Amino acid sequence: MVDAALAQVGKNLSEAMRILGDGQMEPEAGTESRRFSRTSIPGPLQGDGQDVTTILHLVHHLIHEEEDEEDGRDKACQPIQNVGEQGHMALLGHSLAAYISVLDRERLRKLTTRILSDTTLWLCRIFRYDNGSAYFHEDDRDGLVKVCRLAINARYEEYTTEGYAVLSSRQPVIYQSASCRPGLGQHLCNQLGLPLSSLCTVPCNTIFGSQHQMDVALLDKLIKEDTDAGKLPLLLIANAGTPEAGHTDKLSRLRELCDQHGIWLHVEGVNLATLALAQVTSAVMGATRSDSMTLTPGRWLGLPAVTAVTLYRHEDPALSLAAGLTSSQPVEKLRALPLWLSLQYLGHNGIVQKIRHAAALSQHILLKLKSVTCIRTLGLVSQIPPISGASLRDILGSLILSIVEDEQNSPVVLFKFSQESNAGGSGGSVDGLCAGEKEALDTINRWMGEQLAQLVPTSGVDVVELEDEGTCVRFSPLLTAAVLGTQQEDVDEVVQKLLELVPMMSATMNLRQDFREETHRHALSLTYIEELSWPGLGAVRYESQAEGADESRRKQEQKKINDALLTKLQELDTDIFFSTGPEFVTEENCIFVGMVTDDVDVSELVDTISTLGRDIEESGRLLENMTERVRKGILEAELQLQKANEEKLLEEGMLRQLPVFGSVLNWFSPVESSVKGRTFNLAAGSLDSTDVTYSTKVQAGRMSLQDIPTLSAKRLSGLRVPEFFALSTSTEGTLQLTRTVSGSAESSLF
């Protein structure tokens, strides 16, 4: 019979996952959640408690708050990542750990001991680590810190009583590969209180084998030098799958070297997951002989919030307790509970199936990439240097192939775009390229990786930077497939997208030099901008032809022209992408041309950019000239009209200007206006009278004017009313400014 409290824990977890995972809230709950906003958090604790549903809705709102701000309130919230049934078991483990922690001490001790023993036994059997103990930790680096402290306790007998003072007699040395995780050695020294001089970074191979494997011969030399200097070689950190390239060190040779000098061997890396498979490469199998190794089953199996595990071998439990690898507190042993539940739910076959599926995805994409032109997979065999004597060279070649043949089954696949590679090519390097070409190629590969990650997000591909190969695209399904649910169809889609992107990248790389040369041919109007971080054809800037302007005015005019030019280019009916370029760019007022296909005529493209820029500049110049002419014409017309008004005032006399008397006088004795209009000819730049214009227009509209009552005309003629001006363009090409006075024929046209 199931405990009612345990059943309630499971029920509450299912309800919580439903509320948090379902973007659709109940109407009243949705209305209530709108009360929560970023401005109200943090806030005062409410006096009355809230129910579980309200609190969970608050958590849901906080999870999706940024999505609401970016995409708008009308867009439905995307559900959180589906963790699967095995993920629910891991989450249930955290809830059960809180419930179990309140049991009485004796029952808690028995239960936690059973959980810890079961999980340790299962992991040691699954990953072929016989007679091992397990330490469960949240930070995947914490296990290395603890085993290093164990090694210090084992090598320095008086360390427990003398402390760090005993280390001054013989300084401990920790060796790590140059391909280790960044910052791992520094973190280890900080946690142990050791100086950075205790950390020794061993370079990788430079001639034979993978350039991401530790150089064993050089390591042996460094160990001997440290021993002769009175130092104590303490611990070696080896890789079974480097963080970036996924390559495995020569663990068997490293084991022999550590046995020779009494060094603790610790192994970590993604390739340790393949120890659960029936067939394991000899390179990874060497990890089973290590003194300790760190596993991350949560990432391999898609289990959220599951601890990392460090398996180790040591015969003295007192030293393990002193190093913190074991604990007498039962509550700390509950860290293994989520993993204990998840492993039981999956079973041995389910665990192996997930790891086998990830390894099969790697082999599938590796096979597919061999048929894609210009895509090079990074092999592990370096080029054999010339050696006198063909037989000796063949012997060395066979030796190298035998050393690294197991690496070809690595679950981490690296590939990159390279115009020099043929179908199925691998190996090689970019050392033969100049700095500019290498940076441009890295930019293209970075763009390719970002496009693949965006187009096929379930594939889990990402971009890595390698010292020897530059920018590459990495596919590591052991770290992503279980979480993202990657299937073989996703891999096929990645390859299909590559087939679409490769022709575009090839054409762009081939036409970059042509684009540069064509831009130089238009040096009077265009300037080529060398921006190697732009994944496209290149960048140009239209140079203003204005002379005599100061620097600030010239830059302002240049920005105005290039902004208008960019708008015009973006309106063209073409697949070419035009933009202002990356966010952080040194050059200003530039137009960046994106990826192109091989059917693009670069000469025509550059001509179009130059022509549009010239048209925009000339239109702006014409508008400025027209504005200046109109301004001067208006001023001159106003002066002439003012002079005509003064003459009219002299003709009419002062009596007609009086408010009441002038109106009566105009009523009985109206006068005709003598003010004539003006017309301004833009082409000639002259200001002329409108007598000819009005004589033709008045005759044409005489019949319509006769329809106006005479009485109204007489009344209007005696009133002083406001004047109105209108600016228009005639069919003859002249700009007309019309001055209209109500009730009279007075108007001005220019």
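Computed from a prediction, not measured in an experiment: that's the story for all the values here.

(A) Seen up close, the overall build of the protein chain. Secondary structure summary: the protein chain contains 26 helices and 19 strands in total. Residue pairs at least 24 apart in sequence account for 71% of intrachain contacts in the protein chain once pairs closer than 6 positions are excluded. Carbon and sulfur atoms make up 53% of the accessible area of the protein chain, which amounts to about 39,800 Å² in all.

(B) Main features of the pattern of salt bridges. Enumeration according to the criterion identifies 18 salt bridges in this entry. Salt-bridge contacts for D118 lead to R114; the nearest nitrogen and oxygen are separated by 2.5 Å. Taken together, the residues span about one helical turn, with D118 and R114 both in helix α6 (residues 105-126) at a distance of four residues. Since its relative accessible area comes to 12%, D118 is described here as buried. For R114, a relative accessible area of 52% puts it in the exposed group. With a shortest N-O distance of 3.2 Å, R181 and E268 are connected by a salt bridge. You can see R181 sitting in the loop between β2 (172-177) and α9 (184-192) and its partner E268 sitting in strand β5 (residues 264-268), a full 87 residues away along the chain. Because the salt bridges share partners, they merge into one network encompassing D140, R181 and E268.

(C) Region of the structure containing the sheet that holds strand β13 (residues 538-542). The four strands lie next to each other as β12-β13-β15-β14, forming an open sheet whose pairing is antiparallel. Two strands bound the open sheet, and with one partner strand each, they are β12 (526-529) and β14 (578-579). For β12 and β13, the ladder comprises four bridges, and the chain directions are antiparallel. When the bridges of β13 are listed, I529 appears paired with A539. Along the sheet face, helix α20 (residues 488-521) touches β12, β13 and β15 (591-593) and points at about 150° away from the line of β12. Across the sheet, helix α21 (residues 551-570) touches β13, β14 and β15, and the angle it forms with β13 is around 130°.

(D) Quick look at the packing of helix α10 (residues 216-228) against helix α11 (residues 251-261). Direction vectors running N to C along α10 and α11 enclose 10°, while the axes themselves pass 11 Å from each other. In this view, α10 runs roughly parallel relative to α11, as classed from their interaxial angle. For the pair α10 and α11, the contacting residues are V216, L219, D220, I223 and K224 in the first and R253, L254, L257 and H261 in the second.

(E) View of the pairing of strand β7 (residues 308-312). Along β7, five of the five residues are buried, which leaves the element largely enclosed by surrounding structure. Bridging between strand β6 (residues 292-295) and β7 involves four bridges; their strand directions are antiparallel. Within β7, the position partnered with L295 by the bridge is V309.

(F) Representation of unusual backbone geometry within the structure. The phi dihedral of R128 falls on the positive side, at around 60°, and the residue is not glycine. Tracing the backbone shows R128 in the loop between α6 and β1 (133-137). Even without a glycine there, the phi angle at N589 is positive, about 55°. Tracing the backbone shows N589 in the loop between β14 and β15. With relative accessibility at 18%, the residue N589 sits in the buried group.

(G) Molecular detail of the sheet that holds strand β11 (residues 470-475). Spatial strand order, β8-β9-β11-β10: four strands in an open sheet with antiparallel pairing. At either end of the open sheet lies a strand with only one pairing partner, and these are β8 (375-377) and β10 (462-466). For this sheet the average axis-to-axis angle between neighbouring strands, irrespective of direction, equals 40°. Bridge count between β10 and β11: five bridges; the pairing is antiparallel. Bridge pairing links L466 to G470 in β11. Together, β8, β9 (413-417) and β11 form the strand contacts of helix α16 (residues 337-369), whose direction differs from that of β9 by roughly 25°.

(H) Highlighting the confidence of the model for the protein chain. Looking at the protein chain, the pLDDT average stands at 78 and 70% of residues meet or exceed 70. Mean pLDDT values over the elements of the protein chain span from 35, in helix α26 (residues 710-717), up to 97, in β5. Per-residue pLDDT stays below 50 along residues 23-34; that stretch engages in nine contacts with residues further than four places along the chain or on separate chains. In the model, residues 739-750 has pLDDT below 50 throughout and makes 57 contacts with residues more than four positions away in sequence or in other chains.

(I) Expanded view of the side chain of T508. Tracing the backbone shows T508 in helix α20. A relative accessible area of 0% places T508 in the buried class. In this structure the side chain of T508 is engaged in a polar contact, spanning 3.1 Å, whose partner is the backbone nitrogen of V596.

Conventions used here
Residues numbered from 1 in each chain as written. Predicted model: local features only at pLDDT ≥ 70, side-chain atom pairs only at ≥ 80, totals over all residues. Heavy atoms only, no water. Helix = DSSP H or I, 4+ residues; strand = E, 2+ residues; numbered from the N terminus. Contact = heavy atoms within 4.5 Å. Areas by Shrake-Rupley, 256 points an atom, 1.4 Å probe, with all protein chains shown as cover. Salt bridge = Lys/Arg side-chain N within 4 Å of Asp/Glu carboxyl O. Buried < 20%, exposed > 50% of the residue type's maximum accessible area, 1.4 Å probe, protein only. Pairing = 2+ DSSP bridges. Axes fitted to C-alpha atoms, helices over the stretch in contact; angles between N-to-C directions. Parallel < 35°, antiparallel > 145°, perpendicular 65-115°, else oblique. pLDDT = per-residue confidence, 0-100. Polar contact = N/O pair within 3.5 Å; in protein donor to acceptor, adjacent residues only side chain to side chain.

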